[in-house]
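Coordinates in review
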Amino acid sequence: MGRIICCGLGPGDPDLMSVRADRTVRGARHVAYFRKQGRPGQARRIVEGMLAADITEYPMEYPVTTEIAFDTPEYVRLVDAFHDEWAERLVRLARAVDVVVLCEGDPYFYGSFMHLHARLQGRVEIEVIAGIPGMVGCWNAVGRPIALGDDVTTVLMGTLAEDELERGMRGSDALVVMKTGRNLQKVRRALASAGRLDDAWLVERGTMPDQRVARLADIDAAECPYFAIVLVHGKGRHPDAAE
């Protein structure tokens, strides 16, 4: 029996992969990865030049991404069937060989692999290799500590309703907003309502060659790339602050 090895690749820069992840990728003979139809896939891009010459690749192409709303019955049906099919295929493959599944960031932190992980339980041996989450690469790109002292850090999804975003933004010190993309304007409005816009940063493609870091208030764009995160740094106790 083989295994399914989900390999966390980190935020985008191959140099930020763990030694274990690097060794696993270079030694893989069967590798699977998610991608949008017609695209190479971000996970595959990260490992370019690292794979063995005789490797067998299994691109797992989403049947739909942003073409229809994610909360419609049709979207749910298509994506559920996609994950069911690939879980079955991976189980069949792992009867004979190890299969490495590539995952951006850390698999256990909003990782795409988790939809397969739930379907593979009890059917095959699973190993998960930790990776640096994308948000860590992004706040390092800004070059400031995201949280200090007693700061409370909240991670929000840009897909939430605007009032939910605003409520979360008001109730926390440091903020990370993921899944911005087409939700950027909504995120901006929520930050403004919560009085946090002037302190917000937008990091696009953090740690990647085309990385962009800018104050959100200075950007007029209505949307941003999929790999983008909004950050608001906490203002907790600094080392020189009085106890």
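The following paragraphs examine the structure supplied in this document. Just so we're clear, the structure is a prediction, and the values are computed from it rather than from any experiment.

**Things to note about the state of the cysteines**
Evaluated as defined, the whole model comprises zero disulfides. Of all cysteine sulfurs, the one in C224 lies closest to C138, which takes part in no disulfide; the gap is 10 Å. By relative accessible area, C138 is classed as buried at 6%.

**A few points about unusual backbone geometry**
The backbone of K179 sits at a positive phi, close to 50°, despite the residue not being glycine. Its location among the elements puts K179 in the loop between β7 (174–178) and α7 (184–193). The phi torsion at R205 lies on the positive side, around 50°, for a residue other than glycine. Residue placement: R205 occurs in the loop between β8 (200–204) and β9 (212–215).

**Concerning the packing of helix α6 (residues 162–170) against α7**
Orientation of α6 relative to α7, taken along the N-to-C sense of each, is 45°, at an axis distance of 8 Å. Here α7 runs oblique to α6, going by the angle between their axes. Helix-helix and strand crossings are classified by hand; for α6 and α7 the assignment is right-handed. Across the interface between the two elements, E162, L165, E166, M169 and R170 from α6 touch K186, V187, R189, A190, L191 and S193 from α7. Considering only residue class, the contact of α6 with α7 consists of five nonpolar, one polar and five charged.

**Some words on the nonpolar core**
Ranked by size, the top nonpolar core spans 21 residues in total, and within it I4, M60, L90, F113, L116 and L120 carry the most contacts. For this core, the secondary structure elements donating two or more residues are β1 (3–8), β2 (30–36), β3 (56–62), α3 (73–93), β4 (99–103) and α4 (114–120). Broken down by element, this core gets its largest block of residues, five residues, from α3. The residues touching L90, leaving out its near neighbours within four places in the chain, are I4, A32, V99, V101 and L116. Membership of the second largest hydrophobic core comes to 20 residues, among which are A194, L197, A214 and A228.

**Thoughts on the sheet that holds strand β10 (residues 228–232)**
An order of β6-β7-β10-β8-β9 is seen for the five strands of this open sheet, with the pairing classed as mixed. The open sheet is flanked by β6 (153–157) and β9, the only strands paired with a single partner. Recorded for the sheet is a direction-independent mean angle of 20° between the axes of neighbouring strands. Where β7 meets β10, three bridges bridge the pair, whose relative direction is antiparallel. Across the sheet, residue L175 finds its bridge partner in β10, namely V232. Where helix α5 (residues 134–142) meets the sheet, it contacts β6, β7, β8, β9 and β10, and its direction lies at approximately 60° from that of β10. Against the sheet, α6 makes contact with β6 and β7, and its axis sits at roughly 170° relative to β6, the strand it touches most.

**Some details on the sheet that holds β2**
The parallel open sheet is built from five strands, whose spatial order is β3-β2-β4-β1-β5. Only two strands of the sheet have a single partner each, and these edge strands are β3 and β5 (125–129). If you compare each strand with its neighbour and ignore which way they point, the axes differ by 25° on average. In this sheet, β4 lies alongside β2 in parallel orientation, the contact comprising two bridges. In the strand pairing of β4, V31 is matched with V100. Sheet contacts for helix α1 (residues 19–27): β1, β4 and β5; angle to β1, the most-contacted strand, approximately 130°. Packed onto the sheet, α3 meets β1, β2, β3 and β4 and runs at close to 165° relative to β3.

Thresholds applied
Residues numbered from 1 in each chain as written. Predicted model: local features only at pLDDT ≥ 70, side-chain atom pairs only at ≥ 80, totals over all residues. Heavy atoms only, no water. Disulfide = S-S within 2.5 Å. Buried < 20%, exposed > 50% of the residue type's maximum accessible area, 1.4 Å probe, protein only. Helix = DSSP H or I, 4+ residues; strand = E, 2+ residues; numbered from the N terminus. Axes fitted to C-alpha atoms, helices over the stretch in contact; angles between N-to-C directions. Parallel < 35°, antiparallel > 145°, perpendicular 65-115°, else oblique. Left-handed = near helix turned anticlockwise from the far one by under 90°. Contact = heavy atoms within 4.5 Å. Nonpolar A, V, L, I, M, F, W, Y, C, P; charged D, E, K, R; others polar. Core = buried A, V, L, I, M, F, W, Y, C linked by side-chain atoms within 4.5 Å. Pairing = 2+ DSSP bridges.

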